[in-house]
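Okay, here's what each chain looks like letter by letter:
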Amino acid sequence: MALSPARYPLLSPHYAPLPPPDSTHEPENHQTDSDDDSIDVTNEEDSSSYSPPANSYPQNCISYGPLGIESAAETAARLLFMAVKWARNLPSFAGLAFRDQVTLLEEGWSELFLLNAVQWCAPLDAAASALFGTEHDTGAGECRRRLRAVVSRYRSVLVDPAEFACMKAIVLFKPETRGLKDPLQIENLQDQAQVMLMTHTRTAHGTAPARFGRLLLLLPLLRLVTPQQLEKEFFAKTIGETPMEKVLADMYKN
């Protein structure tokens, strides 16, 4: 259950590890099960070095530069690739039945995408403007106005990388998702993610006792924009009439 990235080797050389926590604040490992049963959410992405596979949707997913100098569609495509890559590299997720993996990804892709967007774009004004529009952009629709409101709330809390990782795991492991083969195992993984988040907030942000609850209350904001709205706003030009389910499956397999 420890958040130290040293406990779990990172699965991709393109990923940069989280900064090591202060040794005086690292949570103790009170684990009762074997290491194989523990959740790993520390495979943080390095947005500057990651690029989508060039052989997938090549007409739209090439020549990527650092976040902030792309179009909104290019940035959105990159963030979705990063979200799928992050999920696939979780040992706890990869240990589930393949059908459950795909089902959970189809259910939670929009929330993973938005958490990635907030994490990687919110600190970069140029990228945030390209993806979410600006307050002075009179042509921005209701979708982008809602997204700006979500970004503003997350910015006000200053969510750190470890918290983002735990929150991604919470929205990924949804035991209530229809069609799951092993919902009890998925519920256990979601519980572990919540415990990790609570442990981290207590050790790293001990002067803010309400922080854990505040972070959990941020998660429903991700549903202010529906997956259908996100697909229309950011991915229609990239995937055309291809169903998002097929896009996710192709990205996950490749």
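Residues numbered from 1 in each chain as written. Predicted model: local features only at pLDDT ≥ 70, side-chain atom pairs only at ≥ 80, totals over all residues. Heavy atoms only, no water.

K.L.:
Describe the packing of aromatic side chains, with residues and values.
P.N.:
This model, assessed by the stated rule, comprises seven aromatic pairs. With centroids separated by 6.1 Å and ring planes inclined at 50°, the aromatic side chains of phenylalanine 113 and phenylalanine 234 adopt a geometry described as tilted. Residue phenylalanine 113 is located in helix H3 (residues 98-121), and its partner phenylalanine 234 is located in helix H9 (residues 227-239); the two are separated by 121 residues in the primary sequence. According to the relative accessible area criterion, phenylalanine 113 is buried, its value standing at 1%. What makes phenylalanine 234 buried here is its relative accessible area of 3%. Centroid distance tyrosine 154 to phenylalanine 164: 6.5 Å. Interplanar angle 10°. Geometry classified as stacked. Of this pair, tyrosine 154 sits in helix H5 (residues 142-157) while phenylalanine 164 sits in helix H6 (residues 161-172), placing them ten residues apart in sequence. One exposure class covers both tyrosine 154 and phenylalanine 164, and it is buried. Here the aromatic cluster, defined as three or more aromatic residues joined through ring pairs, consists of Phe93, Phe98, Phe173 and Tyr252. Above the plane of the ring of tryptophan 86 lies lysine 168, whose end atom (NZ or CZ) is 5.6 Å from the centre. (Phe/Tyr/Trp six-rings, centres within 6.5 Å; stacked < 30°, edge-to-face > 60°. Helix = DSSP H or I, 4+ residues; strand = E, 2+ residues; numbered from the N terminus. Buried < 20%, exposed > 50% of the residue type's maximum accessible area, 1.4 Å probe, protein only. Lys NZ or Arg CZ within 6 Å of the ring centre and 35° of its normal.)

K.L.:
So what's going on with the nonpolar core? Which residues, and what values?
P.N.:
Within the largest apolar cluster, 61 residues are counted, with the highest numbers of intra-cluster contacts made by Phe93, Phe113, Tyr154, Met167, Leu172, Phe173 and Phe235. Considering each element in turn, this core owes the most residues, eleven residues, to H3. Leave out the neighbours within four places in its chain, and phenylalanine 113 touches Ala76, Leu79, Leu80, Ala83, Leu230, Phe234 and Phe235. (Core = buried A, V, L, I, M, F, W, Y, C linked by side-chain atoms within 4.5 Å. Contact = heavy atoms within 4.5 Å.)

K.L.:
Please give an account of helix H1 (residues 72-88) that cites residues and values.
P.N.:
For H1, built from 17 residues, the straight-helix expectation of 24 Å at 1.5 Å per residue is met to within 8% by its first-to-last C-alpha distance of 24 Å. With 13 of its 17 residues buried, H1 lies for the most part within the structure. (Expected span 1.5 Å × (residues − 1).)

K.L.:
For the packing of H6 against helix H7 (residues 183-204), give the residues involved together with the corresponding values.
P.N.:
Put simply, H6 and H7 touch, their axes get as near as 8 Å, and they point 160° apart. One way to sum up the angle between H6 and H7 is to call them roughly antiparallel. Of the two possible hands of crossing, H6 and H7 adopt the one that is left-handed. Taken together, the residues of H7 that come into contact with H6 (itself represented by Ala162, Glu163, Cys166, Met167, Ala169 and Ile170) are Gln190, Ala193, Gln194, Met196, Leu197, His200 and Thr201. Residue classes in the contact of H6 with H7 are distributed as eight nonpolar, four polar and one charged. (Axes fitted to C-alpha atoms, helices over the stretch in contact; angles between N-to-C directions. Parallel < 35°, antiparallel > 145°, perpendicular 65-115°, else oblique. Left-handed = near helix turned anticlockwise from the far one by under 90°. Nonpolar A, V, L, I, M, F, W, Y, C, P; charged D, E, K, R; others polar.)

K.L.:
Break down the environment of threonine 177 for me, citing the residues and quoting the values.
P.N.:
With respect to the helices and strands, threonine 177 occurs in the loop between H6 and H7. Using a relative accessible area of 10% as the deciding quantity, one classes threonine 177 as buried. Put simply, threonine 177 and threonine 103 are 74 residues apart on the chain and 7.8 Å apart in space, counted from C-alpha to C-alpha. Once you skip the residues sitting within four places of it in the chain, threonine 177 turns out to touch Thr103, Leu104 and Glu107. Here the side chain of threonine 177 touches lysine 174 through a polar contact of 3.0 Å, landing on its backbone oxygen. (Polar contact = N/O pair within 3.5 Å; in protein donor to acceptor, adjacent residues only side chain to side chain.)

K.L.:
Talk me through the packing of H3 against H6; I want residue IDs and the actual numbers.
P.N.:
It is the contact of H3 with H6, at a shortest axis distance of 8 Å, that shows an interaxial angle of 160°. The angle between H3 and H6 places the two elements in the roughly antiparallel class. As H3 packs across H6, the resulting crossing turns out to be right-handed. Between H3 and H6, the contacting residues are Leu104, Gly108, Glu111, Leu112, Leu115, Asn116, Val118 and Gln119 on the first element and Pro161, Phe164, Met167, Lys168, Val171 and Leu172 on the second. A class-by-class count of the residues in the contact of H3 with H6 yields nine nonpolar, three polar and two charged.

K.L.:
Which residues make up unusual backbone geometry, and what values do they have?
P.N.:
In this structure, leucine 158 is a non-glycine residue whose phi angle is positive, near 55°. Residue placement: leucine 158 occurs in the loop between H5 and H6.

K.L.:
Kindly report on the environment of leucine 115, identifying the contributing residues and their values.
P.N.:
Its place among the elements puts leucine 115 in helix H3. For leucine 115, a relative accessible area of 0% puts it in the buried group. C-alpha of leucine 115 to C-alpha of alanine 83: the two residues are 32 residues apart in sequence and 8.8 Å apart in space. Sequence-distant contacts of leucine 115, defined by excluding residues within four places in its chain, comprise Tyr154, Phe164, Met167, Lys168, Val171 and Leu222.

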